[in-house]
Amino acid sequence: MDKQDLASYSFDASFGIHFPEIVIQPVSTDEVARIVKLAYQHTIPICPRGQATSLSGGPLAVEGGIVLDMTKMNQVLDIMPDDLIAIVSPGIITGDIHRAADKYGLMYPPDPSSSAISTIGGNLAENAGGPRGLKYGVTKDYVLGLEVVTPQGEVIRTGSRTVKNVTGYDLTKLIVGAEGTLGIITQAILQLIPKPRATGTLMAIFDDIVTSGKAISQILTSGILPAKMEIMDQACIQAVESYQPNGLPIDAEAILLIEIDGHPRAVEEELVEVAAIFEKIGARKVIIAKTQEESDSLWKARKMVSPAITRVKPTKISEDATVPRSKIPDMFARLKEIRDKYNVNLVVFGHAGDGNLHPNIIADKRDQEEMKRVEMAVAEIFETAIALGGTLSGEHGIGTMKSPFMEMELGVVGLDMMKRIKESWDPKNIMNPGKIFPKPGQKLVLTEG
Ligand SMILES: Cc1cc2nc3c(=O)[nH]c(=O)nc-3n(C[C@H](O)[C@H](O)[C@H](O)COP(=O)(O)OP(=O)(O)OC[C@H]3O[C@@H](n4cnc5c(N)ncnc54)[C@H](O)[C@@H]3O)c2cc1C
């Protein structure tokens with residue numbers, strides 16, 4: 001393969017460029033098994049890859065070798081309404097599963113914001129979450145079984161089509177979220193649920209971000225569980241307004257967007273109750289969407305955040321440090337301090353209801369001095385999340401970006417137990433090497449050269 005062909009497989013949506021030696025596009029489990037057997041025999045690194053929307057470096061060939069592009073393995077998308085399951089190939093785009101289930105009045109709840117472009121294989125490997133995670137959980141909560149090619153090239157099946165299954169160790173849950181380090185997923189059995197009969201949207205505008213954090217905790221202890229609760233801070237609001245004016249108040253410090261779903265009458269009542277709670281705590285304004293068009297227009301602002309902030313500066317470092325819900329106000333306060341301390345362009349949005357904030361730093365990677373400050377700010381964000389009882393990653397995975405911080409969260413023994421699992425599955429370390437586990441002394445490096 002020439003260098004130009006390999007170039008399009010050398011990056012993902014995170015940081016760093018790593019060229020593979022070869023890219024292979026298998027179309028069947030048998031082909032995957034034969035390729036992996038060969039790689040095992042000759043000890044060649046092999047990196048599974050979906051649509052490369054990873055924000056943590058997951059599919060990058062950091063040790064060279066083979067990139068296994070799984071996007072051509074997209075033949076199966078079977079909905080079985082009587083069993084409430086879907087059988088899918090790994091290269092299927094997640095949004096296509098949503099649409100297929102919808103035709104039967106069913107729902108596949110995990111909804112990463114990248115659903116329109118990411119593959120279910122990538123979602124499974126990263127245990128992806130999304131706005132609906134607040135009420136419905138994440139990818140691992142909807143996987144009943146998998147077909148996996150092991151690092152030795154053997155084909156195994158985990159789980160089953162049944163809702164309950166306690167036969168032995170839960171290998172399904174081990175492989176989901178393993179970031180392609182334990183095997184290649186070649187098929188999955190997903191659980192579906194009945195689609196809620198109605199949804200309603202509400203937007204609340206706050207003069208002060210810490211009050212919005214308190215409002216989140218109040219809603220969550222009020223007996224109402226929204227399907228989605230998303231936040232945008234002032235920098236996001238301003239970026240969205242200058243990207244595509246929507247009439248958002250650029251002097252507000254935070255906007256919360258809520259979706260309630262369920263029985264139509266319950267949705268109506270709960271929206272009014274949530275509005276009352278927000279007003280009482282001091283929201284500047286609360287808007288309840290009366291039509292689907294109004295609801296779409298409120299959500300448009302949130303959807304615009306990613307494209308809008310990357311117009312500010314070209315490099316986006318997108319984190320997903322997550323804290324216990326009660327610590328959301330503290331996290332907001334600490335993020336403000338970190339922004340000022342390192343003088344970085346830090347914007348915050350994300351899935352506020354489950355404590356999964358997305359502090360994003362917008363920078364220019366050509367500016368080495370700025371990137372040094374970004375490195376220090378990112379490290380302090382991780383330290384803060386862990387000090388508050390949280391985690392390095394709520395949904396984007398560890399990949400290459402967060403591995404230097406693993407010991408800080410897991411401790412020496414905890415990390416060693418994970419390494420031992422990896423070593424027993426993959427003694428030759430060919431399966432997506434260089435991910436999750438730090439090399440001795442490895443540090444986060446965002447500067448080049
Ligand atoms: C704009 C944007 C919004 C995003 N929003 C969200 C969000 O809301 N929630 C969220 O969780 N993430 C989000 N992400 C991150 C990303 O989309 C997810 O991690 C997604 O699951 C990656 O899917 P992919 O097909 O792009 O996989 P890739 O990026 O190609 O790969 C991701 C990982 O999966 C492994 N992998 C891929 N296929 C297989 C397979 N068949 N078997 C084994 N391992 C495999 C790879 O080795 C890698 O480790 C977002 C990204 C972007 C760019």
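How each quantity is defined
Residues numbered from 1 in each chain as written. Predicted model: local features only at pLDDT ≥ 70, side-chain atom pairs only at ≥ 80, totals over all residues. Heavy atoms only, no water. Helix = DSSP H or I, 4+ residues; strand = E, 2+ residues; numbered from the N terminus. Buried < 20%, exposed > 50% of the residue type's maximum accessible area, 1.4 Å probe, protein only. Contact = heavy atoms within 4.5 Å. Areas by Shrake-Rupley, 256 points an atom, 1.4 Å probe, with all protein chains shown as cover. Lys, Arg positive; Asp, Glu negative; His and termini not counted. Charge placed at Lys NZ, Arg CZ, Asp CG, Glu CD. Domains from an automatic or database assignment. Buried area = accessible area lost by both parts, 1.4 Å probe. Salt bridge = Lys/Arg side-chain N within 4 Å of Asp/Glu carboxyl O. Nonpolar A, V, L, I, M, F, W, Y, C, P; charged D, E, K, R; others polar. Near = heavy atom within 4 Å. Polar contact = N/O pair within 3.5 Å; in protein donor to acceptor, adjacent residues only side chain to side chain. Axes fitted to C-alpha atoms, helices over the stretch in contact; angles between N-to-C directions. Parallel < 35°, antiparallel > 145°, perpendicular 65-115°, else oblique. Left-handed = near helix turned anticlockwise from the far one by under 90°. Expected span 1.5 Å × (residues − 1). Phe/Tyr/Trp six-rings, centres within 6.5 Å; stacked < 30°, edge-to-face > 60°. Lys NZ or Arg CZ within 6 Å of the ring centre and 35° of its normal. Pairing = 2+ DSSP bridges.

Trainee: Any details on the overall build of the chain? Residues and values, ideally.
Mentor: Secondary structure assignment for the chain yields 14 helices and 17 strands. Counting only C-alpha atoms, the chain reaches 65 × 60 × 45 Å along its principal axes. Within the span of the chain, comprising 449 residues, buried residues form 56% of the whole. Across the chain, contacts joining residues at least 24 apart in sequence account for 72% of those joining residues at least 6 apart. Total accessible area on the chain stands at roughly 19300 Å², and carbon and sulfur atoms take up 53% of it. Here the chain contributes 47 positively and 57 negatively charged side chains, and the mean placements of these two sets differ by 0 Å.

Trainee: How would you explain the domain arrangement of the chain if you had to name every residue and give the values?
Mentor: When cut into domains, the chain gives domain 1 (3–71), domain 2 (79–194), domain 3 (198–308) and domain 4 (313–425). Between domain 1 and domain 2, the C-alpha centre-to-centre distance is 21 Å. At the junction of the two partners, domain 1 supplies 16 residues and domain 2 supplies 20 residues. For the pair domain 1 and domain 2, the summed buried area comes to about 1400 Å², and 67% of that belongs to carbon and sulfur atoms. On the surface where domain 1 and domain 2 come into contact, there are 0 salt bridges. By residue number, the principal contributor to the side of domain 1 that touches domain 2 is helix H2 (residues 29–41), which donates 6 residues. Of the residues assigned to the side of domain 1 that touches domain 2, the class counts are 7 nonpolar, 8 polar and 1 charged.

Trainee: Break down the side chain of Asp111 for me, with residues and values.
Mentor: For Asp111, the position within the fold is in the loop between strand E6 (106–107) and helix H4 (120–126). Discounting residues that sit within four places of it in the chain, Asp111 has contacts with His98, Gly129, Gly130, Pro131, Arg132, Gly133 and Lys228.

Trainee: I'd like a description of the site of the ligand, backed by residues and values.
Mentor: Near the ligand you find 34 residues, and of these Pro48, Gly50, Thr53, Ser114 and Thr119 are the closest. Here an oxygen atom of the ligand and a backbone polar atom of Gln51 are 2.9 Å apart. One of the backbone nitrogen or oxygen atoms of Ala52 is found 2.8 Å away from an oxygen atom of the ligand. Starting from 990 Å² of accessible surface for the ligand in isolation, the protein chains cover 93%. When contributions to the shell around the ligand are tallied by element, the ones reaching two or more residues are strand E2 (46–49), H4 and strand E9 (184–191).

Trainee: An account of the packing of helix H7 (residues 209–220) against helix H12 (residues 328–342) is needed here, citing residue identities and associated values.
Mentor: At a closest axis distance of 8 Å, the pairing of H7 and H12 adopts a crossing angle of 160 degrees. The orientation of H7 relative to H12 falls into the category roughly antiparallel. The two elements H7 and H12 meet at a crossing, and its hand is right-handed. Contact residues: Ile209, Val210, Ser212, Gly213, Lys214, Ile216 and Ser217 in H7; Ile328, Pro329, Phe332 and Lys336 in H12. Of the residues belonging to the contact of H7 with H12, the class tally is 6 nonpolar, 3 polar and 2 charged.

Trainee: Could you give me a rundown of helix H13 (residues 368–387), with the residues and numbers involved?
Mentor: Here H13 spans 29 Å end to end across 20 residues, near enough to the 28 Å set by a 1.5 Å rise per residue. Burial within H13 is extensive, with 14 of its 20 residues counted as buried. Phi turns positive, to about 85 degrees, at Gly389, one or two residues after H13.

Trainee: Report on the packing of aromatic side chains, specifying residues and quantitative values.
Mentor: A complete count under the given rule lists 3 aromatic pairs for this structure. On the numbers, 6.4 Å between centres and 80 degrees between planes, the contact of Tyr108 with Tyr142 is edge-to-face. A residue pair is termed long-range when its members are at least 10 positions apart, and Tyr108 in the loop between E6 and H4 and Tyr142 in the loop between helix H5 (133–136) and strand E7 (143–149) qualify at 34 residues. By relative accessible area, which is 1% here, Tyr108 ends up buried. Above the ring of Trp299, the side-chain terminus of Lys228 is found at 5.0 Å from the ring centroid.

Trainee: How would you summarise the pattern of salt bridges if you had to cite specific residues and measurements?
Mentor: This structure, assessed with the given rule, holds 23 salt bridges. In the salt-bridge network here, residues are joined through shared partners; they are Arg334, Glu337, Lys341 and Glu380.

Trainee: Please give an account of the pairing of strand E5 (residues 85–88) that cites residues and values.
Mentor: Alternating positions in E5 separate into two faces, Ile85 and Ile87 on one and Ala86 and Val88 on the other, with burial throughout. With 4 bridges joining them, strand E4 (residues 77–80) and E5 adopt antiparallel strand pairing. Opposite Met80, over in E5, you have Ile85 as the bridge partner. Adjacent in sequence and paired antiparallel, E4 and E5 are bridged by 4 residues, among which Leu84 carries a positive phi angle near 50 degrees. Two elements, E5 and E9, share 4 bridges in a ladder whose sense is antiparallel. Residue pairing for E9: Ile85 is matched across the bridge by Gln191.

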